[in-house]
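# Remarks on the overall topology
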Amino acid sequence: MQTMKLLPLLALLAAPLCIAQQESPAPQQTEQTPFTVADPQLRQVLQDAVRAMTSVTELLESVHDKATADAVADKLKIRNALLDELSFGLQYIPYPVVMHAMSANGITQERTEGIQKRLEENRFYGSTALAKAMGAPAYMAMEIAEPTAEDLEAIARQLKAAATRMPQVSGGPGLSKETAWVLTPELQDFPDLVQQSLTNAERQGQRIVHDENGDIYLMVTLLLTREDKAMVIELWFKVNIPADTQDDATPTDNTPETDEVEVEEENTPTPVDAEADEAPEDEEFNPEDMEITVEAGGGTAEEEPTVTPEQQAEALKVFVESWSALVTALNSISDTASADAAVPAIEAARARLQSVSDILRLVPGMDIIEAIENSGTPTPADMEQLQQRLEANDFYGSAALKRALLQ
C-alpha cells in the first residue's frame, strides 16, 4: 500500500541530509557547542529552511476540521515547493547544524511526529486537498465504503469494454470467482490491461488461490476512488493451463497457498529505520569536542550581495502589484479576441517582474510567499489553475498570448 511520505521537516529530522558527513548518531546539543555557517549563501538557505518548516508546522497545528484542513492545503504546497528548492543547499550543511537550528526554533521530531499521527488518525479531517498536499493518496482522507450495486454495475461495464481489446478473452466481468476472467498463456498482460481501464485504481495486493476443485485463480485487490469515497474490489482471473503445453500461465506468487485472501501491504523502511541501521552504537560523542564551521567548497566564503530593507520592501511591492496585474489579465481571457487583447497587460506585468528579479533573488522565499498571502492577491496555486486552463484550451488560438507567456 502506498503510504504518505513524511512531512518535509520530519524527513529532515529523521534522516541525515549528507550521510557522508555523519558517521555517528546525531548528538544532543549543548549551549557550549558552537555551530556556525560561515558561507552567507548557506547561512541564508538554513535560515529560510527553518523559517519555512516553522510555518509548515504551525499551519498543520491549526488544522482541526475539514474547513481548516482545506484552507491550509494550498499554503502547504507552496511552502513544500520552497523546501524542495532549499534542499539542495541544505546538503552542504552538516546534519547536526541543521538539527541544532531547528531545535532552537522549536521544531522537534516529537512535535512533527505528533502532528502526522493526529492527521493520519483523523484521515486528514476528510480533506483530500490536504492529503495530496502532504504527498498522500487522496483515499487516505476518505472513508472506505462498500461498493453499491450501481457501483458494481458501472465497474462491470468498464471491465467488459476493456475486454473488447482482447477478443480471445473469455469469462468476466471478474468481480467474483464465479465470473472470473479466463487467463491463458497468451493473456498474461490482461490483468494489467483491466486495471488500467478503471479510473483511479490502485493495486493493493494479489494472491494465488487454489479452490477445492483444484482450479487456480489469481485474485487482485484494487482500491478505487470515486468522488468522495474509496472502495475495495476484488478482480478474479481463472488460470487455464492447457494440458499439452509446457507454458505456465500461473503468475509468480511466493506466498503460501491458501483459500484465505488478504491484502498485502508493503512495509518500506522509513528514514528513521535507515538511520538506526547505519548509525554505529559503540561510538561515544562528546559535544565539547565538536566545532563546526561551514564554508562554500571548503574555501574562503565570499559575501553575497545584500539589499537594504527599503530595496526589499519596494521590490516586494512591485512584485505583488505585477503578480496581481498578471492574474487579472489572465482571468480576462475567454476567447481568441480577449486573449489577444490581454497580451499588452501581460507583457507589461512580466517586464515589471523582471525589473526586480535581481533583488528578489536575494529576498527570503518566505517573505515573497507571505507578501502574496497578506496582500490577498491570487496564490501560485490559483496561477497554476489559470495556466492549466489556458494550456487545455491551446491558449484560445492566440499565438501572441502563447509567445507572451512562454518566451
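A few points on the structure. (Residues numbered from 1 in each chain as written. Predicted model: local features only at pLDDT ≥ 70, side-chain atom pairs only at ≥ 80, totals over all residues. Heavy atoms only, no water.)

### Notes on the side chain of D211
Worth spelling out the cut-off: Counting from the N terminus, the helices are the DSSP runs of H or I reaching at least four residues and the strands are the DSSP runs of E reaching at least two. Remark: exposure states derive from per-residue accessible area (1.4 Å probe, protein chains only) relative to the maximum for the residue type, with buried under 20%, exposed over 50%, and partly exposed in between. Here a polar contact is recorded for every N or O atom pair within 3.5 Å, except that within protein the pair must consist of a potential hydrogen donor and a potential acceptor, and residues adjacent in sequence are included only if both atoms are side-chain atoms.
Relative to the helices and strands, D211 resides in the loop between β4 (201-210) and β5 (216-226). For D211, a relative accessible area of 10% corresponds to the buried category. From its side chain, D211 meets the backbone nitrogen of N213 in a polar contact 3.0 Å long.

### Re the pairing of β5
Going by this rule: A pair of strands is treated as paired once DSSP finds two or more bridges between them.
Taking burial as the measure, the 11 residues of β5 include 10 buried ones, the bulk of the element. Where β4 meets β5, 9 bridges bridge the pair, whose relative direction is antiparallel. Note that in β5 the partner of R207 across the bridge is M219. Where β4 hands over to β5, the hairpin turn is made up of 5 residues, of which G214 adopts a positive phi near 85°. As paired strands, β5 and strand β6 (residues 229-239) are joined by 10 bridges and run antiparallel to one another. The residue of β6 that forms the bridge with L218 is F237.

### Overview of helix α11 (residues 336-355)
Threshold: Here a helix's expected span is defined as the number of its residues, less one, multiplied by 1.5 Å. To get the bend at any residue, fit one axis to the seven residues that end at it and another to the seven that begin at it, then take the angle between the two axes. Contact criterion: two residues are considered in contact whenever any of their non-hydrogen atoms come within 4.5 Å of each other.
In a regular helix each residue adds 1.5 Å, so 20 residues correspond to 28 Å; α11 covers 29 Å between its end C-alpha atoms and thus fits that length. A bend of about 35° at V343 is the largest found in α11, and the proline P344 appears one to four places after it. All of the buried residues along α11 are S338, A339, A342, V343, I346, A349 and L353. Elements that come into contact with the buried residues of α11 comprise α10 (309-331), α12 (357-360) and α15 (399-406). N-capping of α11 is provided by D335, with a side-chain oxygen placed 3.3 Å from the backbone N of A337.

### So, the nonpolar core
So the rule is basically this: Among buried residues, the Ala, Val, Leu, Ile, Met, Phe, Trp, Tyr and Cys ones that are joined through side-chain atoms within 4.5 Å form a nonpolar core.
Grouped together as the largest cluster of nonpolar side chains are 44 residues, with contacts concentrated most on L46, L60, I93, L119, F124 and L130. Mapped onto this core, the elements with two or more residues apiece are α2 (40-61), α3 (66-90), α4 (95-104), α5 (109-121), α6 (128-133) and α13 (365-375). The leading source of residues in this core is α2, at 10 residues. Non-local contacts of L130, meaning those with residues more than four positions away in its chain, are made with L60, V63, A69, V72, A73, L76, L119 and F124. One finds V318, F319, A339 and F395 within the second-largest nonpolar core, a separate group that totals 30 residues.

### Details of the environment of E373
Residue position: E373 is located in helix α13. Between the C-alpha atom of E373 and that of V320, which follows or precedes it by 53 residues, the distance is 9.7 Å. Residue contacts for E373: discarding those within four places in its chain leaves K75 and R79. A distance of 2.9 Å separates a polar atom in the side chain of E373 from a polar atom in the side chain of R79.

### Thoughts on the sheet that holds β4
Rules: Fitting a line to C-alpha atoms yields each axis, with helices limited to the stretch in contact; the angle taken between N-to-C directions then spans 0 to 180 degrees.
Strand order in the open sheet formed by 5 strands is β2-β3-β6-β5-β4, with mixed pairing between adjacent strands. The sheet is open, and its two edges are formed by β2 (170-171) and β4, each paired on a single side. With 2 bridges joining them, β2 and strand β3 (residues 181-183) adopt antiparallel strand pairing. Residue pairing in the sheet places S170 in a bridge with V182 of β3. On top of the sheet, helix α7 (residues 149-163) reaches β3, β5 and β6; it is set at about 45° to β6, its chief contact. Running at roughly 145° to β4, helix α8 (residues 190-197) makes contact with β3, β4, β5 and β6 of the sheet.

### Structural notes on the packing of α2 against α4
Condition: Here roughly perpendicular refers to angles of 65 to 115 degrees, roughly parallel to angles under 35, roughly antiparallel to angles over 145, and oblique to all remaining angles. Definitions for this section: a left-handed crossing has its near helix turned counterclockwise from the far helix by less than a right angle. A right-handed crossing has that turn clockwise.
The interhelical angle for the contact between α2 and α4, taken along N-to-C directions, is 45°, at an axis separation of 10 Å. If you check the angle between α2 and α4, you find them oblique. Remark: the crossing between α2 and α4 carries right-handed chirality. The residues of α4 that touch α2, namely those facing L46, V50 and M53, are V97, V98, A101 and M102.

### Details of the packing of aromatic side chains
Inclusion rule: Here the aromatic set is Phe, Tyr and Trp, taking the six-membered ring for Trp, and pairing holds for ring centres within 6.5 Å; pairs whose planes are under 30 degrees apart are stacked, those over 60 apart are edge-to-face, and all others are tilted.
Counted under the stated rule, the structure contains 5 aromatic pairs. The interplanar angle of 85° and the centroid separation of 6.2 Å between the aromatic rings of F190 and F237 together place this pair among those described as edge-to-face. Highlighted residues: F190 in helix α8 and F237 in strand β6, separated in sequence by 47 residues. Grouping aromatic residues by their ring pairs yields a cluster made of W181, F190 and F237.

### Some points on the pattern of salt bridges
How we decide: Criterion for a salt bridge: a side-chain nitrogen of Lys or Arg within 4 Å of a carboxyl oxygen of Asp or Glu.
Using the criterion set out here, one finds 10 salt bridges in the structure. For the salt bridge of R51 with D367, the shortest nitrogen-to-oxygen distance reads 2.5 Å. One end of the pair, R51, is in helix α2; the other, D367, is in helix α13, with 316 residues separating them in the sequence. Salt-bridge contacts for E321 lead to K317; the nearest nitrogen and oxygen are separated by 2.9 Å.

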